[in-house]
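So the chains spell out like this:
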Amino acid sequence: MAPLGKTYIVEHLDEELGPWSELEYITIAKESHEHAANFCLSSVSPNLELPAALKNTQGFTAESRSVEILYAENKSRVCLLDPSATKELAPADGEDFDVFLFGGILG
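About the criteria used
Residues numbered from 1 in each chain as written. Predicted model: local features only at pLDDT ≥ 70, side-chain atom pairs only at ≥ 80, totals over all residues. Heavy atoms only, no water. Disulfide = S-S within 2.5 Å. Helix = DSSP H or I, 4+ residues; strand = E, 2+ residues; numbered from the N terminus. Buried < 20%, exposed > 50% of the residue type's maximum accessible area, 1.4 Å probe, protein only. Core = buried A, V, L, I, M, F, W, Y, C linked by side-chain atoms within 4.5 Å. Contact = heavy atoms within 4.5 Å. Pairing = 2+ DSSP bridges. Right-handed = clockwise from strand over helix to strand, strands pointing away.

Caption draft 1: Structural context of the state of the cysteines. Going through the model one piece at a time under the given rule, you end up with zero disulfides. The thiol of C40 is unpaired, and the distance to the nearest cysteine sulfur, on C79, comes to 16 Å.

Caption draft 2: Summary view of the environment of P46. Turning to its location among the elements, P46 is positioned in the loop between β2 (38–42) and α2 (52–55). Classification of P46 as exposed rests on a relative accessible area of 77%. Between the C-alpha atom of P46 and that of E63, which follows or precedes it by 17 residues, the distance is 9.3 Å.

Caption draft 3: Structural context of the nonpolar core. Listed in full, the twelve residues of the largest apolar core are V10, L17, Y25, I26, A29, F39, L41, V44, L48, L50, L54 and F60. Of all the elements in the fold, those that place two or more residues in this core are α1 (19–34) and β2. Counting residues per element, this core draws most heavily on α1, at three residues. When residues no more than four places from it in sequence are discounted, the contact partners of L41 are V10, H12, L17, Y25, L50, F60, T61, A62 and E63. Of all hydrophobic cores here, the second largest spans eight residues; its members include C40, L70, V78 and V99.

Caption draft 4: Looking closely at the environment of L50. In this structure, L50 sits in the loop between β2 and α2. By relative accessible area, which is 8% here, L50 ends up buried. In sequence terms L50 and G18 are 32 residues apart; their C-alpha atoms lie 10.0 Å from each other. Sequence-distant contacts of L50, defined by excluding residues within four places in its chain, comprise L17, L41, K55, F60 and A62.

Caption draft 5: Fine view of the pairing of strand β5 (residues 99–102). Relative to β5, strand β1 (residues 7–11) runs parallel, the two sharing four bridges. Its bridge partner being in β5, Y8 is matched across the sheet by F100. Pairing between strand β4 (residues 78–81) and β5: four bridges, direction parallel. Bridged to C79 within β5 is F100.

Caption draft 6: Expanded view of the pairing of β2. Burial runs high along β2: five of the five residues are buried. Residues of β2 alternate between two faces, with N38, C40 and S42 on one and F39 and L41 on the opposite face, all of them buried. Two strands pair when backbone bridges link them, and β1 and β2 are joined in this way by five bridges, in the parallel orientation. By the bridge assignment, I9 is partnered in β2 with C40. Since β1 and β2 lie parallel, the crossover through α1 that links them has a hand, and here it is right-handed. Pairing analysis gives three bridges linking β2 to strand β3 (residues 60–62), with the strands arranged parallel. Its bridge partner lying in β3, L41 is registered against A62.

What follows is the structure, given as structure tokens:
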């Protein structure tokens, strides 16, 4: 995966994808693309058939590998967005991170 700008990733650990998630993912992909960023759905089960509308959205990629594997060499550049974090995300964090992860755990 060759990032254009920042990369936003959702670790999709479910075996299904409901209509609400589909709409959320399409919106994230479109907005990411509009801002020269990437949106990736990682850890997608090989058994999960993604909706055509999502697969055909500019800025969207799906990946069966986990973030741990995708960024094994660059874990320090991945920011896990954790609602219970002790430090709030700040604009300056863009200098330290290339990837922002929603969900999942980096080991």
